[in-house]
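Here is how the chains run, residue by residue.
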Amino acid sequence: MTDPLRDAASRALRELGDAKPGAVTRVVLDVALDGRAELVTFALEGGALRWSTSGTDAHVATALAWLADGAAGARATPAPEPPLPRLSWPPGEPTDDGGQEARTRVRLADALDDVVTTIVRVGVAHPDSPSIAEGLERLRRELPLPAPLGVSRWLGRLRAALDAGDVAQVARLLDGASRLAEELRRDRPTPEARRRAVAWLGATSELGGVERISDRTLVEVAREHLPTSERGGIERRYLVDLRNGEVFREERARTDATASVGPCPRVVQVGLAEVERGGTPRRIRLMQYVVTLDPGRDELRRIEANAYRRFAALADRYREWLGAEPGQAEPFVIVAPKTWKHSGEAPVGYDDEGVPLGFARADDPAAVELLDRLLAPAPRWVGGRIVDVQGRLLMVPCVLAAPDGEGTRLHRLR
């Protein structure tokens, strides 16, 4: 049976010439079924196929049949190595013995508990203890390959907190790991358990935890490179939704090329995207989008309109975010201080009520120094990642919006 779309592709390929070797890891299909056209997106992750659709399971089945038919007619290739068991809950009733997936989840839960117990017993005064190193290595062995970004980033943060002797941060990270271990052992997880697992392990077709959004305007305002347990760390991008001011994060391993295109800053008109229901800021995958460079005056003013102007309210929200996801939440916010002063070597912003917000020199002294140089004239707003040190709310500054005549100019600080 002929396929008009594949026939047209063959003709176009003959006109363009031979294609270079490569791999297709994501595809978006427009599937027409019973007079109704819907989008179906497939992505290959860790050797497993995951999908989302704006339609029904029937649209997915039609798209799968089309893909499978193309694979059957393609040139035979050596069979790939079977992927490691995925960390997910089965959609139906568990099997009598729990199944391979259940055993994989329990092993990961045991490894997390082992790390928590070992660090609590040894203490942060001995971060290079062989017991801690052994526990972390066991945890890494239980992770699928490549390691999920959520767990990888958690391991990087834990290592940094241990090296710094930051008892509060270590306790917070271990609390998050302990919660995840408890929920991984559930045979029938609650929606909250699934959401927490998505934050750590990423969304899959079994875990769910994905929301589709469309027709949004996002402005990417900042990027930063963050350490993880993997070489090279991750690149994280922060995109502000002009509709309500929510900040999303797009992130990738430094060795992974699967990310949206375009420099920072930029305006992204989103046709279709997937957002994971995880910790703040929520992770986004852009699927259909158009990029425009250099955000205009109106876009930057709308970002400013949604900025925090009461830092007491920001502190309350920060506690809520950490309470919900102590091992994963790394909030990024936009603030618009009313006045600026110096406290020691670092600048301090003050809100309308005189409440201060300092900047974390220990995390990135170069970014804070550059911020200090750009304080005249006073910025319209500053964006950055929120942290706390000994009960004080601080920001790791990533971007500054400075007055530029009647407009605004963005300065990346990291």
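Since the structure is predicted, the reported quantities are computational estimates derived from the model, not experimental observations.

What about the pairing of strand E12 (residues 346-350)?
- Burial analysis of E12 places 4 of its 5 residues in the buried class, the great majority of the element.
- In textbook terms, the turn of a hairpin is the stretch between consecutive antiparallel strands, and for strand E11 (residues 339-343) and E12 this stretch comprises 2 residues, one of which, Gly-344, has a positive phi near 70°.
- Here E12 folds back onto strand E13 (residues 356-359) in antiparallel fashion, the turn holding 5 residues, of which Gly-354 has a positive phi close to 85°.

Focus on the layout of surface pockets
- Considered as a void within the structure, the second largest pocket measures approximately 830 Å³ in volume.
- Lining the second largest pocket are 32 residues, with Asp-166, Gln-169, Asp-363, Arg-385 and Val-387 positioned closest to its centre.
- Looking at the lining of the second largest pocket, the elements with two or more residues in it are helix H5 (149-164), helix H6 (167-184), strand E5 (216-226), helix H9 (311-324), strand E14 (381-389) and strand E15 (392-404).
- Looking at the lining of the second largest pocket element by element, the count peaks at 6 residues for H5.
- Looking at side-chain class alone, the lining of the second largest pocket contains 16 nonpolar, 5 polar and 11 charged residues.

Examining the side chain of Arg-283
- Along the chain, the position of Arg-283 falls in strand E9 (residues 282-293).
- Residue class for Arg-283 comes out buried when judged on its relative accessible area of 7%.
- In this structure the side chain of Arg-283 is engaged in a polar contact, spanning 2.8 Å, whose partner is the side chain of Glu-251.
- Within polar-contact distance, the side chain of Arg-283 engages the side chain of Glu-276 at 2.5 Å.
- Ignoring anything within four residues of it in the chain, the contact list for Arg-283 reads Leu-149, Gly-150, Val-198, Ala-199, Gly-202, Arg-249, Glu-251, Glu-274, Val-275 and Glu-276.

Considerations on unusual backbone geometry
- Across the junction of Leu-145 and Pro-146, the peptide omega takes the value -10°, indicating a cis bond.
- Secondary-structure assignment places Pro-146 in the loop between helix H4 (130-142) and H5.
- Backbone torsion omega between Cys-264 and Pro-265 reads 5°, so that peptide bond is classified as cis.
- With respect to the element layout, Pro-265 can be found in the loop between strand E7 (247-253) and strand E8 (266-276).
- Here the phi dihedral of Asp-294 falls at roughly 55°; this positive angle occurs in a residue that is not glycine.
- Accessibility expressed as a relative area gives 62% for Asp-294, which makes it exposed.

What about empty space enclosed by the protein?
- A full pass over the atoms with the stated rule returns 1 cavity of 30 Å³ or more.
- Taken as a whole, the largest cavity encloses approximately 50 Å³ of empty space.
- What lines the largest cavity is Leu-149, Gly-150, Arg-153, Trp-154, Arg-157, Arg-236, Arg-249, Glu-251, Arg-283, Gly-327, Gln-328 and Glu-330.
- When contributions to the lining of the largest cavity are tallied by element, the ones reaching two or more residues are H5 and E7.

Points about H4
- A rise of 1.5 Å per residue sets the reference length of H4, with its 13 residues, at 18 Å; its end C-alpha atoms lie 19 Å apart and thus fit the reference within 8%.
- When H4 is considered as a whole, its buried residues turn out to be Ile-132, Gly-135, Leu-136, Leu-139 and Glu-142. Seen along its axis, H4 keeps its buried residues to an arc of 120°; they face one direction. Among the exposed residues of H4, those pointing more than 90 degrees away from its buried face are Pro-130, Glu-134 and Arg-141.

With respect to the pattern of salt bridges
- Applying the stated criterion to the full structure yields 34 salt bridges.
- With a closest N to O distance of 2.9 Å, Glu-246 and Arg-282 form a salt bridge. In this pair, Glu-246 sits in the loop between strand E6 (234-241) and E7 while Arg-282 sits in strand E9, placing the two residues 36 residues apart along the sequence.
- We classify Glu-246 as partly exposed; its relative accessible area is 24%.
- Linking Glu-276 and Arg-285 is a salt bridge whose minimum nitrogen-to-oxygen distance equals 2.8 Å.

Digging into the packing of aromatic side chains
- Applying the stated criterion across every chain, the model contains 3 aromatic pairs.
- When the centroid spacing of 5.4 Å and the interplanar angle of 50° are considered together, the rings of Trp-154 and Trp-200 count as tilted. Within this pair, whereas Trp-154 is found in helix H5, its partner Trp-200 is found in helix H7 (residues 191-201), the two being separated by 46 residues in sequence.
- Where Trp-340 meets Phe-359, the ring centres are 5.8 Å apart and the plane angle is 15°; that geometry is what we call stacked. One end of the pair, Trp-340, is in strand E11; the other, Phe-359, is in strand E13, with 19 residues separating them in the sequence. Neither residue differs from the other here; Trp-340 and Phe-359 are each classed as buried.

Conventions used here
Here, residues in each chain are numbered from 1, in the same order as that chain's written sequence. Totals for whole chains, interfaces and linings use all residues, but because this is a predicted model, local features are given only for residues with pLDDT of at least 70 and pairs of side-chain atoms are given and counted only at 80 or more. Only hydrogens and water are removed before side-chain values are computed, so all heavy atoms of the structure are retained for them. Between buried and exposed lies partly exposed: a residue is buried under 20% and exposed over 50% of the maximum accessible area for its type, with that area taken using a 1.4 Å probe on protein chains only. In DSSP terms, a helix is any run of H or I states spanning at least four residues, a strand is any run of E spanning at least two, and both are numbered starting from the N terminus. For two strands to count as paired, DSSP must find a minimum of two bridges between them. Throughout, the protein atoms alone are placed on a 1 Å grid, and a set of points is a cavity if a 1.4 Å probe fits but cannot get out or a pocket if it is open with protein on both sides within 12 Å along at least five of seven lines; lining residues have an atom within 4 Å of a point. Grid points are joined across faces, edges and corners, and a volume is the space filled by probe spheres set on the points. Each residue is assigned to one of three groups, with Ala, Val, Leu, Ile, Met, Phe, Trp, Tyr, Cys and Pro labelled nonpolar, Asp, Glu, Lys and Arg labelled charged, and all others, Gly among them, labelled polar. Two N or O atoms form a polar contact when they lie within 3.5 Å of each other; inside protein one atom must be a possible hydrogen donor and the other a possible acceptor, and for residues adjacent in sequence the pair counts only when both atoms belong to side chains. Contacts are assigned to residue pairs with any non-hydrogen atoms lying within 4.5 Å of each other. Multiply 1.5 Å by the residue count of a helix minus one, and that product is the helix's expected span. Here, the arc refers to the directions that run from the helix axis to the C-beta atoms. Each reported salt bridge corresponds to a side-chain nitrogen of Lys or Arg within 4 Å of a carboxyl oxygen of Asp or Glu. Stacked, edge-to-face and tilted labels apply to pairs of Phe, Tyr and Trp rings (six-membered ring for Trp) whose centres lie within 6.5 Å, assigned for plane angles under 30 degrees, over 60, and everything in between, in that order.

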